[in-house]
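# Secondary and tertiary structure notes
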Amino acid sequence: MIPQEIICRKRDGEALNARDIRAFVNGIAAESVSDEQIAALTMAVWFRGLSVEEQGHLTLAIRDSGATLQWQDLSGPVVDKHSTGGVGDMVSFAAGPIVAACGGFVPMISGRGLGHTGGTLDKLESFPGINVTPDIPTLKQWVRQRGLAIVGQTAELAPADRRIYAIRDATATVDSRPLIVSSILGKKLCEGLDALVMDVKVGNGATLTQPDASFQLAEEICKVAESAGLTCSAILTDMNQPLSRSAGNALEIREILGYLSGDRREPRFHRVTVAISAEMLRLGGLARDTEEGTLMVERVLATGAPAEVFASMIAGQGGPRVPFEQLASQLPSASITRPVFAAESGTVTAIDTRSVGLAVVALGGGRRKAGEQIDHSVGLTEIAGIGEEVDSARPLAVVHAEDESAWQDASERICDAYMIGEGSPNDAGPVILGRRGAS
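Residues numbered from 1 in each chain as written. Predicted model: local features only at pLDDT ≥ 70, side-chain atom pairs only at ≥ 80, totals over all residues. Heavy atoms only, no water.

Following the criterion strictly, the structure yields four aromatic pairs and no others. Ring geometry for Trp46 and Phe47: centres 5.0 Å apart, planes at 80°, overall edge-to-face. Residue Trp46 is classed as partly exposed on the basis of its relative accessible area of 39%. Accessibility expressed as a relative area gives 61% for Phe47, which makes it exposed. (Phe/Tyr/Trp six-rings, centres within 6.5 Å; stacked < 30°, edge-to-face > 60°. Buried < 20%, exposed > 50% of the residue type's maximum accessible area, 1.4 Å probe, protein only.)

Here you go:
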């Protein structure tokens, strides 16, 4: 295999066959293909695209570049969910415990924050001592014991994707739809799943900001997954505003603790959580249909069992060994907590959600470059949504910062991100926008 020839063919718009794709990916894993060659091919794909067939070949090659989890003698299905990324999206921390409490097994391989979107692993690491990089035997033990583990991609799983992803981040090819599909599914297929539910974000806070592109992404993920033998469906959800009231690592965990305990459940976040969880139960065969899955979710939340699963997972992965009710006390807090108000009273008519996410990054809650340390305590709470009235009593958000300068910068970014007008109060629009895939 000569990497340059494969790059040339894709550069010129030719289709790549399974043999060439597998050879190139194997070269990435073996490090016989250089970073420059990976960059060249990803940029060629960004311009020329990949057919669904090519995406399938790339997905399987990424999966086969490392180990694949095998599950025997489990008492329930192995299922997972994945989000394409957004602001205030912490559904994984609710759906995982819910499905585990209903009898499913969830080996959730997650990622870190990228750009304006938060990362599941970064949020989880708000707890001191948490381990998100176990070896495969330990990961399997955690899942068998508790039904749930939330971890990062290890060197043993899809190693080719680790290199490809790092190059994409550095070469402005993160938003290539074919590369998104193969990266997501290559890792998910390593988990040995029976079923996968995708949460594909739509709107100005999504990775792909054009709605048509998000719907096409959902279609392609489901088609490629099906071609690889994985039952998969996609739920398209609104990201024209933050999904929940919080954005920032420990702050989102605090909101999840309130959600699982039943103290506070924001309606839009709850609707997405129930939809994703019910679909996981349906595809995994634990519920006959969506209606039964929805009832199961509501009933198990009422028992408090998902909260116990969450606390057990945190303790089992090396985090604080305390009762669920004491977990919030283990999270860090910022030095300054102060609201930011709009310049004039009115109704929120639109939000630049990406800018809200970037305000959290600027506070130190996200990374400006790979490997940068983050501050888990900073971020936003009480985020106002579209259709809500704001005035001198109701702020746009409460900013959690480490110093005055950071608070001032974030407050200016938040003010710039909001459009205030004469819109109808409480007219936020739907949060579930469509479904694709397995019927």
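Right, let's get into unusual backbone geometry. Despite not being glycine, Ala158 has its phi angle at roughly 45°, a positive value. You will see that Ala172, though not glycine, has its phi angle at about 60°, which is positive. Note on placement: Ala172 falls in the loop between helix H8 (159-170) and helix H9 (177-190). Residue class for Ala172 comes out exposed when judged on its relative accessible area of 61%. (Helix = DSSP H or I, 4+ residues; strand = E, 2+ residues; numbered from the N terminus.)

The next point concerns the pattern of salt bridges. Any two side chains of opposite charge can pair, given that their charged atoms come close. Scanning all chains against the criterion turns up 25 salt bridges. A salt bridge links Glu54 to Lys10; its shortest N-O distance comes to 3.1 Å. With a gap of 44 residues between them, Glu54 in helix H4 (residues 52-63) and Lys10 in helix H1 (residues 3-11) connect regions that are remote in the sequence. Classification of Lys10 as buried rests on a relative accessible area of 2%. Measuring nitrogen to oxygen at the nearest pair gives 2.7 Å for the salt bridge that ties Arg245 to Glu388. Residue Arg245 is located in the loop between strand S5 (231-238) and helix H11 (249-261), and its partner Glu388 is located in the loop between strand S8 (379-381) and strand S9 (389-390); the two are separated by 143 residues in the primary sequence. Among the ionic contacts, a cluster of salt bridges with common partners joins Arg245, Arg264, Glu266, Glu382, Glu388 and Arg394. (Salt bridge = Lys/Arg side-chain N within 4 Å of Asp/Glu carboxyl O.)

Further remarks concern H11. An ideal rise of 1.5 Å per residue puts 18 Å on 13 residues; H11 measures up with 19 Å between its terminal C-alpha atoms. Within H11, 11 of the 13 residues are buried, which leaves the element mostly enclosed by the surrounding structure. When H11 is considered as a whole, its buried residues turn out to be Asn249, Ala250, Leu251, Glu252, Ile253, Glu255, Ile256, Leu257, Gly258, Tyr259 and Leu260. Gly262 occupies a position one or two residues after H11 and carries a positive phi of about 90°. (Expected span 1.5 Å × (residues − 1).)

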